[in-house]
Structures are given as C-alpha cells and as structure tokens.
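# Inside the fold
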Amino acid sequence: MAPLALVTGASTGIGRACATRLVDLGFHVLAGVRNLDNAPERTEALRLDVTSEDDVAAAAERIGAELHVLVNNAGIAVSGPVEVVPVDHWRRQMEVNLVGQVAVTRALLPAVLRTRGYIVNMSSIGGRVANPLFGPYSASKFALEAMSDALRREVAPHGVRVVLVEPGGIATPIWDKGHADADQMLEGADPDAVRRYGTLIEQVRRSTERLAREGLPPEAVAEVVGTAVTTQHPRARYVVGRQARIQAVAARLLPDRGFDALVARYLRR
C-alpha cells in the first residue's frame, strides 16, 4: 500500500505542484481543496478549509491511524500599509496562515507520530524578512516559523521530522488574488492614508509584478518538498530561489538600517 500524504491548499500553485510531485514519488495523495473539482489529477480530493473545524475533523477521520507526510500549504496573502489594513483583515490573515495550520497539525499529529513521518510547513522568505506593505503576510509567516521551531523540538525525540520551506518569488495565483483584494481594500480606506503611501504602493506593485514574471515555477518548490520528505535527515529550513537566498543572507549580515536602505533602493528600480 502506498504511503499516505496530505497537501492542504492543493487546488493551485505550490500546493497543486506539491501534490503532483508526491504522486510521482509513489504517495497516495489526499489533495485538500475547498472545491473538489479543483483537485489535481491522480489525487484523492478531500474537502478541506483549514479554518473549518468540521472539515479538519473530517480529514482526520478519513486519514485514520497513519499519515506519512503532511504538507501545510494553504494560505492567503493580505497586503497593504499597517495603518490602512483593517484589523479584521489581520485576523483573517492569521486565522488562515497560522491558526489553520495549527488546527490541522494538532488533528493529524497522532497519525504522523505513528509513522515517524514528516510535517512540511510552507513558509516564505517573508517569514524571515518583513518587506513594506507585507506586514500582515509576514507576521503570519514569522509566527508559522516560530510554531514550527517549537514543534520540531517537541516531536524530534519521537521520530517526526518538521521542515520549513521558504520560497522567494514564485509565479502563483496568490499574488494576483492579493493584489485584487488590496485594491478593493484601498477603495474603502481613508483617502489621506492612501495618498500618504501612494508612491510606496506603486513601487511595491511594480516589484511584485516583476517577481511574478521572473519568478520560479511552483514545481521548483515541489522538488524541494519531494527531496525533504524522502531524506532521512532533512534540513530544518529550505530557502528556495536565488532572490530568496540573497534576502536571507543580506538580512543576516546587514544591520537593520542597512537592510532598510537596501530595500528602499531596490523598490526605486
């Protein structure tokens, strides 16, 4: 019988690529999707909204006693100036990108413990570096990294491997959706506040559009996930992409003000 894997947020982008890659590696993959019609081919569709207690409980029941790989990939991207983003949008960002991952992990951890399996948490270079206008998104990913570090140290003695994957610029639909949501949010925001950040908003928009054009395909992340869950001793963190590696090194080596200046210079390009 093929080992069992679950990938959340598997309908598009990185999650879809990860589900397909795991099938190629011989796993029976449960594709966690909100619309069953959007599951990748060769996977078993599983209705799973990570913020729904009923969906999470049903997923645990379907999986049963043993799960070899859990890929916590579901996520959204809320962007905008800290002053402008409404508090309920911050709550939604944390509910999906952090609390939902915790809920799924807690429900399925007994099954992963039984197989001494793998938990892969899909973070981002934004989990190390908080760039302007990405405060909500980075806050959720910083928190996910903290949770993952704690979990890794808790379950390592029991044979479970916890891995963080930190992609940089990846061409996925999450950014198009994020831009659309941000535009809608700005329409209802205080005009003075929007004007205050107008130049920065345009700079960041150009930057993200450039990354979307030049970004790696989701399959590059899926390859890393496949490597991590077929390695006896995976790394705690995998940074994916040249742009992400540069940011990670710069953030580690430069003082905060120096990194601030580097970000400002990049956005003026």
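Up top you'll find the structure we're talking about.
Parameters and conventions
Residues numbered from 1 in each chain as written. Predicted model: local features only at pLDDT ≥ 70, side-chain atom pairs only at ≥ 80, totals over all residues. Heavy atoms only, no water. Helix = DSSP H or I, 4+ residues; strand = E, 2+ residues; numbered from the N terminus. Rg over C-alpha atoms; globule rule 2.2 N^0.38 Å. Buried < 20%, exposed > 50% of the residue type's maximum accessible area, 1.4 Å probe, protein only. Areas by Shrake-Rupley, 256 points an atom, 1.4 Å probe, with all protein chains shown as cover. Lys, Arg positive; Asp, Glu negative; His and termini not counted. Charge placed at Lys NZ, Arg CZ, Asp CG, Glu CD. Phe/Tyr/Trp six-rings, centres within 6.5 Å; stacked < 30°, edge-to-face > 60°. Lys NZ or Arg CZ within 6 Å of the ring centre and 35° of its normal. Core = buried A, V, L, I, M, F, W, Y, C linked by side-chain atoms within 4.5 Å. Pairing = 2+ DSSP bridges. Axes fitted to C-alpha atoms, helices over the stretch in contact; angles between N-to-C directions. Contact = heavy atoms within 4.5 Å.

## What about the overall build of the protein?
Along its length, the protein carries 10 helices and seven strands. In terms of overall size, the protein behaves like a compact globule, its C-alpha atoms giving a radius of gyration of 19 Å where 269 residues would be expected to give roughly 18 Å. Going through the 269 residues of the protein one by one, you find that 49% of them count as buried. Only carbon and sulfur atoms are counted for the fraction: they give 52% of the accessible area of the protein, which is about 13300 Å². In the protein, which carries 32 positive and 30 negative side-chain charges, the distance between the mean positions of the two groups comes to 8 Å.

## What about the packing of aromatic side chains?
Enumeration according to the criterion identifies zero aromatic pairs in this entry. Looking at Arg-161, its charged tip hangs above the ring of Tyr-118, at a distance of 4.1 Å from the centre.

## Observations regarding the nonpolar core
Most often, soluble globular proteins keep nonpolar side chains buried together rather than apart. The biggest cluster of nonpolar side chains holds 30 residues, and the ones touching the most others in it are Val-7, Leu-22, Val-29, Val-69 and Val-165. Ranked by residues supplied to this core, first place goes to helix H1 (residues 13–24) with six residues. Counting 25 residues, the second largest nonpolar core, distinct from the first, contains Val-50, Leu-67, Leu-144 and Val-162.

## Examining the sheet that holds strand S6 (residues 161–167)
Pairing within the open sheet is parallel, and its seven strands lie in the order S3-S2-S1-S4-S5-S6-S7. Because the sheet does not close on itself, it has two edges, and the strands there are strand S3 (44–47) and strand S7 (237–240). When strand polarity is set aside, the average angle formed by the axes of neighbouring strands in this sheet is 20°. Pairing analysis gives four bridges linking strand S2 (residues 28–33) to S3, with the strands arranged parallel. By the bridge assignment, Leu-30 is partnered in S3 with Glu-44. Running at roughly 170° to strand S1 (residues 4–7), H1 makes contact with S1, S2, strand S4 (69–72), strand S5 (118–122) and S6 of the sheet. Sheet strands in contact with helix H2 (residues 53–63) are S1, S2 and S3, and its direction is about 145° off that of S3.

By themselves, these are just geometric observations and shouldn't be taken as functional.
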